[in-house]
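Chain and residue survey
The primary structure of each chain is shown beneath.
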Amino acid sequence: MAKGTAAKKARKSAAAKLEPVKKAASTTLEPVPAPTPAPAPGTPTPEQVAIWQALPADQKSALREREALRIFGLAIELHQKGELAEAVKNYGKSLLLNPKVADTYNNMGVALRALGKIEAAIACYRRCLVLRPDNTGVYSNLGNALRELGRLQLAVAAHQQAIKLAPESPEAYYNLGLVLRDLGQIDQALAAFERTLGYNPDHADCRWDRALTLLLKGEFLPGFEQYDWRWKLERSPPRGYSEPEWDGSDLKGKTLLIHQEQGFGDMIQFARYIPMVKAKGGTVVVEVQPELSRLFSTLPGVDKVINRGSPLPKFDFFIPMMSLAKVFATTIETVPVDIPYLTPPDKLGVQLPASLERQRQIGIVWSGKPTHQNDKNRSCQFSHFIELLGMPGVTVYSLQKGPRETDIADAGCEALVLNLGNRLNDFADTAAVIQQLDMVITVDTSVAHLAGALGKPVWVVVPFAPDWRWMTETDTSPWYPSMRLFRQKRQGEWDPVFVEVRKALRKELGFGPSETT
């Protein structure tokens, strides 16, 4: 009885706790506000700004200088790794914090010059010199940059100031000598190089440039003797063969390797010595760039042609191609000129289209290899050749290779000049075309050497500061009897040169000097 009563009370109590379900009240959804964007990395917080503003001026200055120094160190690391663009950015950041550090301007100038931004580099050097006017090295850097832009007189003044500040600096005299040579002041340049070597006899770059300057002057015997200094330069290490270098002695029963060096034009120019080598007896193996392989197979005296990079046969002696001039004690009077010494290997190579009337057939080239260190001075614009295209009695063919082939189309001259560039696969093809031409007009490039080696009349337009092989103050070349040189009279000015070329061509074609063409 007690149990039943207790259970009844428990059920009644539980029922009393149940509440009726209430209807939910209606609610209005509020838009969620957009989150506050996070500050950009490196952006100071308001608290940090307040702390900074509260600092005394001397503490602010000290912190700026310390941070500028840290970023300057980072820029140097990037510079040394070759990350020049990033280095320049960080030099700039350092200068924003502390614009009174001369070394930062100088280093940024060096990086900018390496990036090809010469004008900006010059501005940096000048800013550096405002802060540190007695810095010899910066005057030298400034002079070198000015020389690169062709501002030769200003470059001379900068180098002379460097010498004034450091009269026993071999580098200052060396840099001055380079500019004097560009100005055509050959004896003064040699005197400057002598001063350098007086302070540092083992200055390899100066020895090398002295050799080039002697050759430019026409002093071939001492010039080629000192030409071996090229092997002391970091950019041209010797091959390091275990076999001895040939000294010109008898080769009977021996094999000589003549190995490739430098550019296409150099190889073509010095190939003239190979028949003289063969006359010493023995087997002659010649290493060449692949583009020259077929052409050099026609050279008298060549027993085997090897492409650069291919396995070499066994040999007893070696000699670099351009050392042959020294071995044969070449002077300006004894340059071998048994020309032609090259011939196209394929008589049925690239053929010029037939013409219904007899025209003077002229090949042209206006640009050399873009990677050549002096290409910006030796190459010119295609536009300089356009007036030649309008002369009657002339058919013009482009022998131009590389990215500048498109200059013809860009100038709208496709109907006025026949572009053969895409048909010239190697120098054998180019030689086959030149053999069919009446003459070639070109800038200082390998085609000039090829036309000269084939004995074809060739006119070469030469920059104000010429390569050594064209010497100075002459319109002929001891290397190529069929060559005529047209020289710049002022740095970078091609227009007067082509005025002379057009006059000469009118005369060649039989037009009187007063006739308009």
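Residues numbered from 1 in each chain as written. Predicted model: local features only at pLDDT ≥ 70, side-chain atom pairs only at ≥ 80, totals over all residues. Heavy atoms only, no water.

Attention shifts here to helix H5 (residues 102-114). Helix length check: H5 (13 residues) gives 19 Å between terminal C-alpha atoms against 18 Å at 1.5 Å per residue, within 8%. Buried within H5 are the following residues: Ala102, Thr104, Tyr105, Asn106, Met108, Gly109, Ala111 and Leu112. Two residues or fewer after H5 comes Gly116, characterised by a positive phi angle close to 85°. (Helix = DSSP H or I, 4+ residues; strand = E, 2+ residues; numbered from the N terminus. Expected span 1.5 Å × (residues − 1). Buried < 20%, exposed > 50% of the residue type's maximum accessible area, 1.4 Å probe, protein only.)

Inspection of the secondary structure assignment puts Asp375 in helix H17 (residues 375-378). With a relative accessible area of 10%, Asp375 lands in the buried category. Reaching out from Asp375, the side chain makes a polar contact with the backbone nitrogen of Gly368 at a distance of 3.5 Å. Every residue in contact with Asp375, bar those within four places of it in the chain, is listed here: Ser367, Gly368, Lys369 and Pro370. (Polar contact = N/O pair within 3.5 Å; in protein donor to acceptor, adjacent residues only side chain to side chain. Contact = heavy atoms within 4.5 Å.)

What follows concerns the environment of Gln381. Along the chain, Gln381 falls in the loop between H17 and helix H18 (383-389). Sequence separation between Gln381 and Ser367 is 14 residues, and the spatial gap between their C-alpha atoms is 7.6 Å. Ignoring any residue separated from it by four or fewer positions in sequence, one finds Gln381 in contact with Trp366 and Arg404.

We now examine the environment of Gln260. Within the secondary structure, Gln260 is located in the loop between strand E1 (255-259) and helix H13 (264-270). Remark: the alpha-carbon pair of Gln260 and Asn307, spanning 47 residues in sequence, is separated by 9.0 Å. Sequence-distant contacts of Gln260, defined by excluding residues within four places in its chain, comprise Arg239, Met267, Glu287, Val288, Gln289 and Arg308. Polar contacts involving the side chain of Gln260 include one to the side chain of Arg308, which spans 2.5 Å.

Moving on to the confidence of the model for the protein chain. Here the protein chain averages 89 in pLDDT, while 87% of its residues score no lower than 70. Considering only residues more than four positions removed or in separate chains, one finds that residues 1-28, a stretch of pLDDT under 50, has 0 contacts. (pLDDT = per-residue confidence, 0-100.)

The next point concerns helix H7 (residues 136-148). One turn of the α-helix equals 3.6 residues, which is why residues spaced by three or four share an orientation. Here H7 spans 19 Å end to end across 13 residues, near enough to the 18 Å set by a 1.5 Å rise per residue. Taken as a whole, H7 has its buried residues at Thr136, Val138, Tyr139, Ser140, Leu142, Gly143, Asn144, Ala145 and Leu146. In this structure, the buried residues of H7 make contact with H5, helix H6 (118-131), helix H8 (152-165) and helix H9 (170-182). Its side-chain oxygen 3.1 Å from the backbone nitrogen of Gly137, Asn135 forms the N-cap of H7. Phi for Gly150, located one or two positions after H7, is positive at around 80°.

A few words on the packing of aromatic side chains. The tally for this structure, following the rule as stated, stands at 25 aromatic pairs. Within the aromatic cluster, the residues linked to one another by ring pairs are Trp208, Phe220, Phe224, Tyr227, Trp246, Phe270, Tyr273, Phe328, Trp468 and Trp479. Across from the ring centre of Tyr480, 4.9 Å away, lies the NZ or CZ of Arg272, which sits over that ring. The residue whose ring lies beneath Arg484 is Trp459, and the NZ or CZ to ring-centre distance is 5.6 Å. (Phe/Tyr/Trp six-rings, centres within 6.5 Å; stacked < 30°, edge-to-face > 60°. Lys NZ or Arg CZ within 6 Å of the ring centre and 35° of its normal.)

All right, on to the pattern of salt bridges then. Within the structure shown, the criterion is met by 27 salt bridges. Across the salt bridge formed by Arg151 and Glu119, the nearest N and O atoms sit 2.4 Å from each other. Here Arg151, found in the loop between H7 and H8, pairs with Glu119, found in helix H6; they are 32 residues apart in sequence, far enough to count as distant. Between Asp182 and Arg147 there is a salt bridge whose closest N-O contact spans 2.6 Å. With Asp182 in helix H9 and Arg147 in helix H7, the pair connects residues that are 35 residues apart, well separated along the chain. Looking at Asp182, the relative accessible area reads 12%, which means it is buried. In this structure Arg147 comes out as partly exposed when scored by relative accessible area, which is 26%. Residues joined by salt bridges that share partners form a network here, namely Asp228, Arg230, Glu261 and Lys326. (Salt bridge = Lys/Arg side-chain N within 4 Å of Asp/Glu carboxyl O.)

Two modes of strand pairing occur in sheets, parallel and antiparallel, and in both the strands are linked by backbone hydrogen bonds. Strand order across the open sheet formed by 6 strands is E7-E6-E5-E8-E9-E10, with parallel pairing between neighbours. If you trace the sheet from one side to the other, it starts and ends with strand E7 (417-419) and strand E10 (483-487), each paired once. Strand after strand, the sheet turns through a mean of 25° between neighbouring axes, direction not considered. Two strands pair when backbone bridges link them, and strand E9 (residues 458-462) and E10 are joined in this way by 5 bridges, in the parallel orientation. Bridge pairing links Val462 to Arg487 in E10. Its contacts with the sheet put helix H21 (residues 446-453) on strand E5 (360-365), strand E8 (439-443), E9 and E10, and the angle it makes with E8 is roughly 150°. (Pairing = 2+ DSSP bridges. Axes fitted to C-alpha atoms, helices over the stretch in contact; angles between N-to-C directions.)

Before going further, it helps to spend a moment on the packing of H6 against H7. Close contact between H6 and H7 brings their axes to 9 Å; oriented N to C, the two are set at 155°. The orientation of H6 with respect to H7, classified from their angle, is roughly antiparallel. In this structure, H6 meets H7 at a crossing whose hand is left-handed. Residues Ile118, Ile122, Tyr125, Arg126, Cys128 and Leu129 of H6 lie in contact with H7, whose contacting residues are Val138, Tyr139, Asn141, Leu142, Ala145, Leu146 and Glu148. (Parallel < 35°, antiparallel > 145°, perpendicular 65-115°, else oblique. Left-handed = near helix turned anticlockwise from the far one by under 90°.)

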